[in-house]
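A look at the structure
Each chain, letter by letter, is given below.
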Amino acid sequence: MKKTYLVGIREVHVRFFSVQANDPEEAKELVNRRAPEAVDLELLEWSHELKPDTWSVEETTGKENP
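This write-up is about the structure you can find in this document. Predicted model, so just to flag it, every value in this text is computed and none were measured. (Residues numbered from 1 in each chain as written. Predicted model: local features only at pLDDT ≥ 70, side-chain atom pairs only at ≥ 80, totals over all residues. Heavy atoms only, no water.)

The next thing to look at is the pattern of salt bridges. This structure, assessed with the given rule, holds four salt bridges. Lys3 is the partner of Glu59 in a salt bridge, and the nearest nitrogen-oxygen pair spans 3.9 Å. In this pair, Glu59 is assigned in strand 4 (residues 56-60) and Lys3 in the segment before strand 1 (4-8), connecting sequence segments 56 residues apart. Looking at Glu59, the relative accessible area reads 49%, which means it is partly exposed. The class of Lys3 is exposed, set by a relative accessible area of 52%. With its nearest N and O atoms 3.2 Å apart, the salt bridge here joins Glu25 to Lys28. (Salt bridge = Lys/Arg side-chain N within 4 Å of Asp/Glu carboxyl O. Helix = DSSP H or I, 4+ residues; strand = E, 2+ residues; numbered from the N terminus. Buried < 20%, exposed > 50% of the residue type's maximum accessible area, 1.4 Å probe, protein only.)

Right, here's the structure in full:
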């Protein structure tokens, strides 16, 4: 008898910030420490999914399916 499983795929997204800086390294440093001048644009872009060995799998009751 087949069972129902919930599979969680790990994905990577890119989150964009706007910041004024003297050079790219300073820009990264300001965003890294979430300096006040680093503005989160609340814009996400899908990049890729991780390999299946990082995914989670758990048996469910089957009620999660539409």
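Alright, that's what it looks like, and here's the rest.
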